[in-house]
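This is what each chain is made of:
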Amino acid sequence: MSAAPAPIDRLPTFPWDKLEPYKKTAAAHPDGIVDLSVGTPVDPVPELIQKALIDAADSPGYPTVWGTPELRDALVSWCERRLGARDFGHGNVLPVVGSKELVAWLPTQLGLGPGDKVAYPRLAYPTYEVGARLARAEYVAYDDPTELDPEGIKLLWLNSPSNPTGRVLDKQELTRIVAWARAHDILVFSDECYLELGWEADPVSVLHPDVNGGSYEGLVAVHSLSKRSNLAGYRAAFVAGDAAVLHDLLQIRKHGGMMTSAPTQAAVVAALGDDQHVHEQRARYAARRELLRSALLEHGFRIEHSEASLYLWATRDESCWDTVAHLAGLGILVAPGDFYGTAGERFVRVALTASDERIRAAVDRLAQG
């Protein structure tokens, strides 16, 4: 009897390793690299969040997977205030250890496997596919999910605003997709981690009653504090929606010990209770976006979508790797579009997550190059 393939054998090559030679080229620039390849926050964690974390540092006991009552209160309140959710309770929310962990292990935790299908956008965060592979499930990419054959689809990923394109699904599109998924008994997880960062569009959640008709059945939204509050290093995220789905996930995650640390839980309470730091961070990103967008256009790029999120989806109508090489020669590192699917092979993703000084350096280099 042959052994089942090891998990590593089911995974694609880690894409970022392919970028290393270009990173070395960019780093050789006399004024140093401007790294716009990964969306990693660089601005300080707001002081009120740091203080909450420090105040909770003496936490010798085990935290709970479901989180403290104060954390659940904060999650419920934020979903109602920011997303328009109605009649929400503690059963509708569940903290997770960063959103990537949730995306990667969700199909496994849902009990999916061979014969089941996971659907995700044709241009997408690679971890949707990784999650399906880890569960040994099948996977299918879409342009419009309602054009898929629903047979066998057990999990449908939405991503609005999109990573990498910044595209936003409007209320009418979401309503149509949710109705289709419900008609075919397909569970919808909506990755909304960039919802606070709409520029030319106002992103809406699947938890909004205009989208879901006042019912959360078959719907779960995924949110993260990494971008809105600069908490990527804290691993702070949560899911919200269908109480029956979250109840089962909670039980499974209890067995797996998938607990957000107690100090992080306290920090999340502080972060979700304050909107001012979010407005300030948005203003930083908006200014950086305007500078980079103008510089790329002047340099001969075309920008598509990008109405939200922390990225500009840009092209010079050539191979993405030719563009990566060109910009690396200017000391600027960006992500090749084919990391996110073959449909991105002529685009690059340019992140806004660099300091003001590095953004200005990139703008100057684009102007001179």
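Rules used in this analysis
Residues numbered from 1 in each chain as written. Predicted model: local features only at pLDDT ≥ 70, side-chain atom pairs only at ≥ 80, totals over all residues. Heavy atoms only, no water. Buried < 20%, exposed > 50% of the residue type's maximum accessible area, 1.4 Å probe, protein only. Helix = DSSP H or I, 4+ residues; strand = E, 2+ residues; numbered from the N terminus. Contact = heavy atoms within 4.5 Å.

A.B. asks: How would you sum up helix H5 (residues 127–134)? Please name residues and give values.
C.D. replies: With respect to burial, H5 is a largely interior element, six of its eight residues being buried. Listed as buried for H5 are Thr127, Tyr128, Val130, Gly131, Ala132 and Leu134. Here the buried face of H5 lies against helix H4 (99–109), strand E3 (117–121), strand E4 (138–142), strand E5 (153–159) and strand E6 (187–191). Positive phi shows up at Arg136, right after H5, with a value of about 65°.

A.B. asks: Please set out unusual backbone geometry residue by residue, giving values where relevant.
C.D. replies: Residue Pro161 follows Ser160 across a cis peptide bond; omega there is -5°. With respect to the element layout, Pro161 can be found in the loop between E5 and helix H6 (171–183). Positive phi, normally seen in glycine, also occurs at Asp87, with a value near 55°. Tracing the sequence through the fold places Asp87 in the loop between helix H3 (69–83) and strand E2 (93–96). A residue is classified by how much of its surface remains accessible, and Asp87, at 76% relative accessible area, is exposed. One non-glycine residue, Arg136, lies in positive phi territory at about 65°. Topologically, Arg136 is positioned in the loop between H5 and E4. Among the residues examined, Arg136 registers a relative accessible area of 39% and is labelled partly exposed.

A.B. asks: Help me get a handle on the environment of Ala26, residues and values and all.
C.D. replies: Looking at where Ala26 falls in the secondary structure, it is placed in helix H1 (residues 20–27). Owing to a relative accessible area of 0%, Ala26 belongs among the buried residues under this scheme. Separated by 305 residues in sequence, Ala26 and Gly331 have C-alpha atoms that sit 3.8 Å apart. Contacts of Ala26, omitting those with residues within four sequence positions, involve Gly32, Ile33, Ala328, Gly331, Ile332 and Leu333.

This is a description of form; function is not addressed.
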